[in-house]
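# Analysis of the macromolecular model
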Amino acid sequence: MLAGGRSSRFGSDKATALFRGRPLLAHMREVGEVSADAVIVIGRAEGVPDLPAPGLGPLGGIAAALDHAADHGFASVLTLPCDMPSVPPGLIEALLRRAPAYCADAPVIGHWPAAVGAQLLAHLDRGEDRSVRRWARMIGAVPIDSPVPLANINTPADLTAL
């Protein structure tokens, strides 16, 4: 789970913001536990730090997840952001059928082979564009449409609207 953002538009730590009585991070952990063999939180003190350094946006989190997966014998990584508490199961199932693949509407939701981790780190080290969508296209990832619109929480008003 990607949870290392600055939450600058939200004004406080989004991962700990309550949605239906539980932190957003807990909602995404539940999705991950149903969908993956292990759940690792990226970008938080209690988890794995972004690579190669904090502040690189979602690609830094994805790089950390891929590195962790490769070091621990996992073939692939399913990335989920902490600020989208309602990811439809059909989208997850479609992503898990192929790698690399990403959600066309929210590319931080993706399924990535661990083997592309070194390539992503090299991309970040070169200071290239940090767009997840652009990087996904570079590695030949397949965009998958979500069967329903996804709610992305960027502000307190977005959370209240859910």
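Residues numbered from 1 in each chain as written. Predicted model: local features only at pLDDT ≥ 70, side-chain atom pairs only at ≥ 80, totals over all residues. Heavy atoms only, no water.

## A short note on the overall build of the protein
Worth spelling out the cut-off: Helical segments are the DSSP runs of H or I of at least four residues, strand segments are the runs of E of at least two, and each set is numbered from the N terminus. We compute the radius of gyration over the C-alpha atoms and compare it with the globule rule, which gives 2.2 Å times the number of residues raised to the power 0.38. A simple rule labels every residue: compare its accessible area, found with a 1.4 Å probe on the protein chains alone, to the largest value its type can have, and call it buried under 20%, exposed over 50%, or partly exposed in between. Should any heavy atoms of two residues lie within 4.5 Å, those residues are considered in contact. All accessible-area figures derive from a Shrake-Rupley calculation using a 1.4 Å probe, and residue coverage is judged against the displayed protein chains alone. All tallies of charge rest on Lys and Arg as positive and Asp and Glu as negative; His and the ends of each chain are not included. A single reference atom marks each charge: NZ on Lys, CZ on Arg, CG on Asp, CD on Glu.
Assigned secondary structure in the protein consists of six helices and six strands. Listing the helices and strands of the protein from first to last along the sequence gives β-β-α-α-β-α-β-β-α-α-β-α. Compactness check: the protein gives a C-alpha radius of gyration of 15 Å against a globular reference of 15 Å for 162 residues, within 12% of the reference. Counting only residues that meet the buried cut, the protein has 47% of its 162 residues in that class. Residue pairs in contact within the protein that sit at least 24 positions apart in sequence constitute 66% of those at least 6 positions apart. Summing over all exposed atoms, the protein offers an accessible surface of approximately 7900 Å²; the carbon and sulfur share of this is 53%. Taking the average location of the 14 positive side-chain charges in the protein and that of its 16 negative ones, the two points are 5 Å from each other.

## Regarding the pairing of strand E5 (residues 110–113)
Our working rule: Note on pairing: two strands pair once DSSP finds at least 2 bridges between them.
The alternating pattern of E5 places Gly110 and Trp112 and His111 and Pro113 on opposite faces, both of which are buried. Note that strand E3 (residues 76–79) and E5 share four bridges and pair antiparallel. For Val77, the partnering residue across the bridge sits in E5 and is Trp112. In terms of strand pairing, strand E4 (residues 101–103) meets E5 through two bridges, oriented antiparallel.

## Structural notes on the environment of Ala38
Assignment of secondary structure puts Ala38 in the loop between helix H1 (24–35) and helix H2 (58–71). In this structure, the C-alpha to C-alpha distance between Ala38 and Leu120, residues 82 residues apart in sequence, is 22 Å.

## Some remarks on the side chain of His68
Take His68: it is sitting in helix H2. Look past the residues within four positions of His68 in its chain and what remains in contact with it is Ile40 and Val48.

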